[in-house]
Every structure is written in structure tokens, then in C-alpha cells.
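Letter by letter, the chains look like this.
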Amino acid sequence: MKRKLRMGMVGGGAGAFIGEVHRIAARMTGEIELAAGVFGTDREKSLACGRDCYVPEDRIYQDYQTMVAAEAALPGDRRIDFAVICTPNRWHFPIAQAFLANGFDVMCEKPVAMSSAEAEELRRLTVERRRIFGLMHNYTGFPMVKQARRLIADGELGQLRKINVEYSLGWLAAPNAGKQAAWRVDPAQAGISGCMADIGTHAENLINYVTGLRITELSAELATFVEGRRLDDDGSVLLRFDNGARGLIFASEVSTGEENNLILKIYGDRAALEWRAQTPEDLIIRSNDAPIRILRRGWPGSGAEAAAASRLPAGHPEGFLEAFANIYSAFAEAVRSRQPGDFPGIDAGVSEMKFLEAIVANHAGDRKWTAMR
């Protein structure tokens, strides 16, 4: 296949921060071009966005149903190769289901669906139709996150004992935080959870990606601080893992003054590591018998996985957009090769929905611990 992959996008129009991030990241790969889309429910705004992205007007569709039917009817040398879903949560399942059922690969924003049952159905379709399914947990695309994964796989930390993730934001601290905030605390749009669905799922996915451990039980407390909201804007979750390790996820979108403060700390019986999204070039290694080490992206010895995910020499910072692009690069290779790649997929989507359901059930119930199904 000596051509760029053709991408279709649903959602991500005017005023949608994440849609433009996806478009920039896809372009950065040099492997993908935007060929079709539905960029919102407002037809005129969708047309304007599509034109701004140089999408031919006959490929800017009225809705996703029309898009699926029209693209499926096109010959193979014209139709899109995969669809990207950048809508509010409630649309993820029906859109992904439609594209998978019609033979298209899918890249979807998280969380993958509104329930684990929907996620399981997407997994069934993905397997049955032999499709490639990508779930955009962008933090797995950072080079030093990949280096952390390698250190743990190589046993440098020893037996893992404690895993803590903090994800603090302040953007929902005020009642009126804008359109992008409003739907995230609306059950009809976001589902059973607000903060935990939005950023807690990143924490759960990051832990699983880096350590390979599975959460077996959890104990959760959710909070809604801003009056009038119907979903959580803050939460804390105690975790038990299948190797006996313990952990904690603290996620908040009402931590006033915080920007995008994501911190991962993993403690083993030999050493510990720390990675921060605000200083993503650094991976901190600690132990009781040696000075603190800081591994820097781009330096020799930082690891093959980190090197493969780097675009620039050390000292030329890479970050959020490059991490998205790394996932798109791996996804594009998987679409071409029809082989699994180094990015979260539909299994991660099922896991995050079971995680959310266990959190909500535990918070609402009277049991101290809830098992992950």
C-alpha cells in the first residue's frame, strides 16, 4: 500500500479541542490524510470545518449513518481506511459499531462506550470482522512512559508493591466552565461518571500499560463539589492488584489552579520510578542504595522503545502532540500490516468500562471492596 491512509472523522468540529489535536497528530505521522467526515451536528459548522480541513464537499456528510453508507459504497481506491471518533461519550458506541460492522477500522476517543456491555459488543465485532481498533489513551505514546514500561518488564524495580497516580485539573472548579465542560458532567452525554470517565480512565490505562498488572478489587469515594452537577467532579480510588500490590488513583477536575498535573509513581522492592506529564522528558529512578537517577529522552541508553518514539534529539522538547502522533504511527502500521501494535485497543476499552462500573457501584453501595468483573 504505497499511499497515505485515508482517515474519516466524526465529531471534532469548531470549538472541540480534541478534534484538532487528532488532526494535527495524524498529519505529523506523514502517513495519514483526512479524506471525509462529519464535524458536528450543525450542518453549516460541519461544512465550514470540513472546508477548512480541505475535505471535498461531497465527502462532508450530513451524519455518521450517511457517511458509513456512502464510504462503504465507494471503490477501495477511494474510500476511507479508518474512522476517528471524537464525539461526546454517548456516541462512541453506535458510531464505532456502525463502522466496524461495515468493514472499517476505528480509532476512538476514551471512554470507549457507555457500559461494559457495549464495550464487549465492540470487542466481539472487532474480532469477528478482523478489524483494527485503537483507543486514544495518549499518555501511552510518551517515550519515557515506554521506557518506564521496559524497566518494569526487565525487572529493574523488582516486585511491584505500590502504584499511585494523581491527575489534578482545575478547569471545572467554577460552575460555568464552558461547552466542553458541560457535557462531561451530563449523564446523558458522559454516562455513569464525570471526572473518573474523563481522566480517571487515563490513570487506570496508564497503570495497566506500564505495569501489566490487573486491578482485582477497588474501594472508591466520588464527590461532586459544584452545586447542580449530576456527576462526579472529583474522586479517590484504593486499588488491589493481581500480584498483591496496592495502589491509589486520585483524580480531580476541581483542583483550583492545576493545569494538567498527571503524576505516576511506582514502587518496587528494589527501586521506584516517577513520571510527570508536565515534565515528560524525564523519568526519575529512586532506590535506597544509590543516588537518584534521571533518565532523559533522546540520550543514549534511554532504551529502544523510547528512542523509537522520539522524533528530535535531546534538548528539543517533545510532548502532548508527539505522543498522539506516536499512537497514530503505531495504529497506521497496524492498519497496513493487519497485526497488533503498541497502542491501547478494544481490550483496554472493556477494562476501563468495568473499572468505571466498579467505582460507581462501590461508591453507591455499602461494601468496602468491589471486585473487578
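Residues numbered from 1 in each chain as written. Predicted model: local features only at pLDDT ≥ 70, side-chain atom pairs only at ≥ 80, totals over all residues. Heavy atoms only, no water.

1. Considerations on the sheet that holds strand 13 (residues 293-296)
What the nine strands build is an open sheet, ordered 13-12-11-10-6-9-8-7-14; its pairing is mixed. In this open sheet, the two strands that pair with only one neighbour each are strand 13 and strand 14 (370-371). Of the pairings in the sheet, the one linking strand 6 (residues 160-168) to strand 10 (residues 261-268) comprises eight bridges and is antiparallel in character. The partner of Val 165 across the bridge, within strand 10, is Leu 264. Packed onto the sheet, helix 6 (residues 143-153) meets strand 6, strand 10, strand 11 (272-276), strand 12 (282-286) and strand 13 and runs at close to 30° relative to strand 12. Each of strand 6, strand 7 (215-223), strand 8 (234-241), strand 9 (246-252) and strand 10 touches helix 9 (residues 195-211); the most contacted strand, strand 9, lies at about 150° to it. (Pairing = 2+ DSSP bridges. Helix = DSSP H or I, 4+ residues; strand = E, 2+ residues; numbered from the N terminus. Contact = heavy atoms within 4.5 Å. Axes fitted to C-alpha atoms, helices over the stretch in contact; angles between N-to-C directions.)

2. Re helix 5 (residues 116-128)
With 13 residues, helix 5 should reach 18 Å at 1.5 Å per residue; the first-to-last C-alpha distance of 18 Å fits that figure. Restricting attention to buried positions, one finds in helix 5 the residues Ser 116, Ala 119, Leu 122, Leu 125 and Thr 126. Those residues of helix 5 that are buried are in contact with helix 4 (92-101), strand 5 (133-136) and helix 12 (346-364). (Expected span 1.5 Å × (residues − 1). Buried < 20%, exposed > 50% of the residue type's maximum accessible area, 1.4 Å probe, protein only.)

3. Here's the deal with the environment of Cys 49
For Cys 49, the position within the fold is in helix 2 (residues 43-52). Note: C-alpha distance between Cys 49 and Phe 250 (201 residues apart in sequence) is 37 Å. Not counting residues within four places of it along the chain, the set of residues in contact with Cys 49 comprises Gly 12, Gly 13, Arg 23 and Phe 39.

4. A word on the packing of helix 5 against helix 12
Packing of helix 5 against helix 12 leaves a shortest axis separation of 8 Å and a crossing angle of 170°. On the basis of the axis angle, helix 5 is roughly antiparallel to helix 12. Touching Ser 116, Ala 119, Glu 120, Leu 122, Arg 123 and Thr 126 of helix 5 are Ile 346, Asp 347, Gly 349, Val 350, Met 353, Lys 354 and Glu 357, all from helix 12. Grouping the constituent residues of the contact of helix 5 with helix 12 by class yields five nonpolar, three polar and five charged. (Parallel < 35°, antiparallel > 145°, perpendicular 65-115°, else oblique. Nonpolar A, V, L, I, M, F, W, Y, C, P; charged D, E, K, R; others polar.)

5. Quick notes on the sheet that holds strand 3 (residues 82-86)
Pairing in this open sheet of five strands is parallel, and the strands run 2-1-3-4-5 from one edge to the other. The open sheet terminates on both sides in strands that have one partner only, identified here as strand 2 (32-38) and strand 5. Across the sheet, the axes of successive neighbouring strands diverge by a mean angle of 25°, strand direction being ignored. As defined by bridge partners, strand 1 (residues 5-11) adjoins strand 3 across five bridges and the pair is classed as parallel. When the sheet's bridge partners are listed, Met 9 is paired in strand 3 with Val 84.

6. Some details on the pattern of salt bridges
Between side chains of opposite charge, a pair can form when the charged atoms approach closely. Using the criterion set out here, one finds 30 salt bridges in the structure. For Arg 59, the salt bridge goes to Glu 71, with nearest N and O atoms at 2.7 Å. Taken together, the positions of Arg 59 in the loop between helix 2 and helix 3 (64-73) and Glu 71 in helix 3 put the pair twelve residues apart, joining distant regions of the chain. For the residue pair Arg 59 and Glu 71, the accessibility class agrees, reading buried in each case. With its nearest N and O atoms 2.8 Å apart, the salt bridge here joins Arg 373 to Glu 357. Note that Arg 373 is positioned in the segment after strand 14 and Glu 357 in helix 12, a separation of 16 residues in sequence. On the accessibility criterion, Arg 373 (62% relative accessible area) is exposed. Because the salt bridges share partners, they merge into one network encompassing Glu 120, Arg 123, Asp 347 and Lys 354. (Salt bridge = Lys/Arg side-chain N within 4 Å of Asp/Glu carboxyl O.)

7. A closer look at the environment of Ala 36
You can see Ala 36 is positioned in strand 2. Sequence-distant contacts of Ala 36, that is, excluding residues within four places in its chain, are made with Met 7, Gly 8, Met 9, Val 55, Arg 59, Tyr 61, Met 67, Glu 71 and Ile 80.

8. As for the pairing of strand 13
As defined by bridge partners, strand 12 adjoins strand 13 across four bridges and the pair is classed as antiparallel. Note that in strand 13 the partner of Ile 284 across the bridge is Ile 294. The antiparallel pairing of strand 12 with strand 13 creates a hairpin that spans six residues between the two strands.

9. Description of unusual backbone geometry
Along the chain, Lys 110 connects to Pro 111 via a cis peptide bond; the corresponding omega equals -15°. For Tyr 54, which is not a glycine, the phi torsion comes out positive at approximately 65°. Relative to the assigned elements, Tyr 54 resides in the loop between helix 2 and helix 3. Despite not being glycine, Arg 338 shows a phi value in the positive range, around 60°. On the accessibility criterion, Arg 338 (33% relative accessible area) is partly exposed.

Read these as geometric descriptors, not functional statements.
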